[in-house]
Amino acid sequence: MINVKQLSKSFGDNEVLKSIDLEVKDGEVVVIIGPSGSGKSTILRCLNLLEEPTSGEIFFEGQNITAPDSNIDQIRQKMGMVFQSFNLFPHMSVLDNLTITPVKIKKEDATKAKEQAMALLDQVGLKEKADSFPSSLSGGQQQRVAIARALAMNPDVMLFDEPTSALDPEMVGEVLAVMQDLAKKGMTMVVVTHEMGFAKEVADRVIFMADGVIQEEGTPEEIFDHPQNSRTQDFLNKVL
């Protein structure tokens, strides 16, 4: 589904990503771990061109999205993105947060969009909050609404950028449970996270990044139980 070739990204003199090659298969859950500043979030933001790569190519569903003539707005409709900060529209109800983009961008019928939104809120356990405003919700609830909002566009892949890092510890579990449920339903997911338990449990493949390169990748067993790279071993010794 996603094929990244020789991706590099610099901010001024700071080379954050160095010739990254990465593939994500249809239905796969890929979890990216690593120390802060290793380039994890940058790679995710390059996948939907929120960050413009300095060089390299990104193919999504066979299409070169880094080509000058690619329609990135159209491509982004197929990529759901969930950020650390929930980015909900504060002046809109939860339901309106979910329906505005399908109706405005995809020109979906408002009644149909509302039905789908209610089904998604039910899926994330927040059906009763449809008429509430974001400010009245806990952080965990807001993040679950943000996930439902991304799903309302019927994306082919979901990108999660440290979705639990802004949450109080007791709210982390409710968000991870929603993500776990999505993975079980076969959603293709790329997740940047510090939650090692989630990576062990849910990932098909774990990628360890440090210093702007992929140092090691493999199954959760390979990475967590038998890491080969000394950089991976050091990192896991510190966080586990």
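Residues numbered from 1 in each chain as written. Predicted model: local features only at pLDDT ≥ 70, side-chain atom pairs only at ≥ 80, totals over all residues. Heavy atoms only, no water.

## Notes on the sheet that holds strand β1 (residues 2–11)
Taking strand neighbours across the sheet as the criterion, the four strands line up as β2-β1-β4-β5 in an open arrangement whose pairing is antiparallel. Each having just a single partner strand, β2 (14–24) and β5 (63–64) make up the two edges of the open sheet. Of the pairings in the sheet, the one linking strand β4 (residues 55–60) to β5 comprises two bridges and is antiparallel in character. Looking at the pairing, F60 lines up with Q63 of β5. (Pairing = 2+ DSSP bridges. Helix = DSSP H or I, 4+ residues; strand = E, 2+ residues; numbered from the N terminus.)

## Looking at the environment of D96
By secondary structure assignment, the location of D96 is in helix α3 (residues 94–104). For D96, a relative accessible area of 39% puts it in the partly exposed group. (Buried < 20%, exposed > 50% of the residue type's maximum accessible area, 1.4 Å probe, protein only.)

## Quick look at the pairing of β1
In this sheet, β2 lies alongside β1 in antiparallel orientation, the contact comprising seven bridges. Considered in β2, the bridge of K9 is made with L17. Linking β1 to β2, which pair antiparallel, is a turn of two residues; within it G12 sits at a positive phi near 65°. Here β1 pairs with β4 via five bridges, running antiparallel. Looking at the pairing, S8 lines up with S55 of β4.

## Here's the deal with the pattern of salt bridges
On inspection of all chains with the given rule, the structure shows eight salt bridges. One salt bridge connects R205 with E217, and the closest N-O pair in it is separated by 2.6 Å. Placement of the pair is R205 in strand β9 (residues 205–210) and E217 in strand β10 (residues 213–218), with a sequence separation of twelve residues. Judged by relative accessible area, which is 13%, R205 ranks as buried. Connected through shared salt-bridge partners, E28, R205 and E217 make up one network. (Salt bridge = Lys/Arg side-chain N within 4 Å of Asp/Glu carboxyl O.)

## Things to note about the UniProt feature "domain: ABC transporter" (unreviewed entry) in the protein
According to UniProt, the "domain: ABC transporter" (unreviewed entry) feature falls on residues 2–236. Between the first and last C-alpha atoms of residues 2–236 the distance is 27 Å; the span itself is 37% helix and 26% strand. (UniProt positions renumbered as here; feature names shortened; annotations may be inferred.)

## Details of the layout of surface pockets
When its volume is computed, the largest pocket comes out at roughly 570 Å³. The wall of the largest pocket is formed by 21 residues, among which R76, M79, M81, T101 and M153 lie closest to the centre. Secondary structure elements with two or more residues in the lining of the largest pocket: α2 (72–76), β6 (79–82), α3 and α5 (139–151). Per-element accounting of the lining of the largest pocket gives the leading share, four residues, to β6. Taken together, the residues of the lining of the largest pocket break down into 13 nonpolar, five polar and three charged. (1 Å grid on protein atoms, 1.4 Å probe; cavity = no way out; pocket = protein on both sides within 12 Å on 5 of 7 lines; lining within 4 Å. Points joined across faces, edges and corners; volume = space filled by probe spheres on them. Nonpolar A, V, L, I, M, F, W, Y, C, P; charged D, E, K, R; others polar.)

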